[in-house]
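Chain by chain, the residues:
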Amino acid sequence: MDKMVASCPIPSARKDSLSAAIEALSVSTELVEEELKPYLDTVLNVAIERKKGIAEQVAESGILPVLAQILRRKSTLTIHTVRLVAELARDAPVKDQCFDTGIVSALVTLLLSQDQDLLLYVSQAIARICYDSNLQQERFLRLGAVPRLASVLLRHSENEALRSSFLLALCNLSDMGEEDASMLAWEEGAYFSDRERVFRGTTRYSFGFSSAVTVVRLRQTNGQYSVTVEVLQRCSTLLWGANHGRHAGHHLANLTHLGSCPKLYKVFKCSVKNIPRNRNLRAAVFHTLL
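## Quick word on the side chain of Arg197
Assignment of secondary structure puts Arg197 in strand E2 (residues 196-203). Classification of Arg197 by relative accessible area gives buried; the value is 14%. Separated by 2.4 Å, the side chains of Arg197 and Glu188 make a polar contact. If sequence neighbours within four positions are ignored, Arg197 has contacts with Leu154, Ser157, Glu188, Tyr191, Val216, Arg217 and Leu218.

Shown next, in the form of structure tokens:
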């Protein structure tokens, strides 16, 4: 029977189930997998409910290195642990400790897995850790996360849930993503070469005169992946018509700074070394070796 590496004391009945589970995990060095799973499930259920203060409690408990150890062992507990990490990674107290505790490197290694359910939770964890954090994005880039994400995406693009999650992870690595994957509806565009694939994500809930379209292009050349992420602004015909004086009585701010755009799209590109902080209109390119 596989073991972790001093037995933990039986949690006191006076403690609530979450505190007891966290304490058990924090001292679990000789527990077999069957004994660990109920504790992981307890913490996971509370994390899914988004109970206030759980991220702080987990971060202060010291169990994150234990979770990283479980991930590296690749046991029957791996998928439960990855799912737990993905839920906890929504909040800064846990997100900020993922690199130093070894969770980030373990997640990158797990991208080599063939288990699509496991890969789904791994990509969710990566997307949430990277969201709105340049430091975490840089760490994942240095560990080679992009070529592995691209490889899995191209291999399993027919899996809609997996495709959506991996595309969000790539977008968040470029600092142009969304916190919630459900905000974007993805579809694969037409492609004329086996070396290039294009995916478009549109906002599910759009209000007002404009909306955003996210375009992810993947190219593979000589064993090298190039991933381009662009966010384009799409404006309604009413807005553009009003701006050009086609609808009398409407007075809107001048939009000439957007330029002439027959298809109502405008792309603003910049170097990956100088990504602007305006999250509405920007683009980034990753070049990395497998």
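## A short note on helix H4 (residues 64-73)
When we look at burial in H4, the residues that qualify are Leu64, Val66, Leu67, Ala68, Ile70 and Leu71. Contacts from the buried residues of H4 go to helix H1 (17-26), helix H2 (33-48), helix H3 (54-61), helix H5 (78-88), helix H6 (92-95) and helix H7 (103-110). Downstream of H4 by a residue or two, Lys74 has a phi angle that is positive, lying close to 55°.

## A word on the environment of Gly62
Locating Gly62 in the fold gives a position in the loop between H3 and H4. Residue Gly62 is classed as partly exposed on the basis of its relative accessible area of 38%. Distance in space between the C-alpha atoms of Gly62 and Ser26 is 6.1 Å, their sequence separation being 36 residues.

## Some words on the nonpolar core
Counting residues in hydrophobic clusters, the biggest one holds 71 residues, and the most contacted among them are Val43, Val58, Leu107, Ile126, Phe140 and Leu149. Element by element, the count of residues in this core is highest for helix H8 (residues 116-130), at 10 residues. Aside from chain neighbours lying at most four places away, what touches Val43 is Leu18, Ala21, Ile22, Leu25, Ile54, Val58 and Leu84.

## A short note on the side chain of Arg163
Note on placement: Arg163 falls in helix H11 (residues 160-173). Within the buried core, Arg163 has no salt-bridge partner, and the shortest N-O distance to an opposite charge, that of Glu160, equals 4.8 Å. Engagement of the side chain of Arg163 in a polar contact is seen with the backbone oxygen of Ser157, the distance being 3.5 Å. If we skip the residues at most four places from it in the chain, Arg163 touches Leu153, Ser157, Trp186 and Phe199.

## With respect to the pattern of salt bridges
Following the criterion strictly, the structure yields eight salt bridges and no others. For Glu87, the salt bridge is made with Arg90, and the minimal N-O distance between the two is 3.3 Å. In this structure Glu87 comes out as buried when scored by relative accessible area, which is 12%. As a salt-bridge pair, Glu196 and Arg219 come within 2.8 Å of each other at their nearest N and O atoms.

Cut-offs used in this document
- Residues numbered from 1 in each chain as written.
- Predicted model: local features only at pLDDT ≥ 70, side-chain atom pairs only at ≥ 80, totals over all residues.
- Heavy atoms only, no water.
- Helix = DSSP H or I, 4+ residues; strand = E, 2+ residues; numbered from the N terminus.
- Buried < 20%, exposed > 50% of the residue type's maximum accessible area, 1.4 Å probe, protein only.
- Polar contact = N/O pair within 3.5 Å; in protein donor to acceptor, adjacent residues only side chain to side chain.
- Contact = heavy atoms within 4.5 Å.
- Core = buried A, V, L, I, M, F, W, Y, C linked by side-chain atoms within 4.5 Å.
- Lys, Arg positive; Asp, Glu negative; His and termini not counted.
- Salt bridge = Lys/Arg side-chain N within 4 Å of Asp/Glu carboxyl O.

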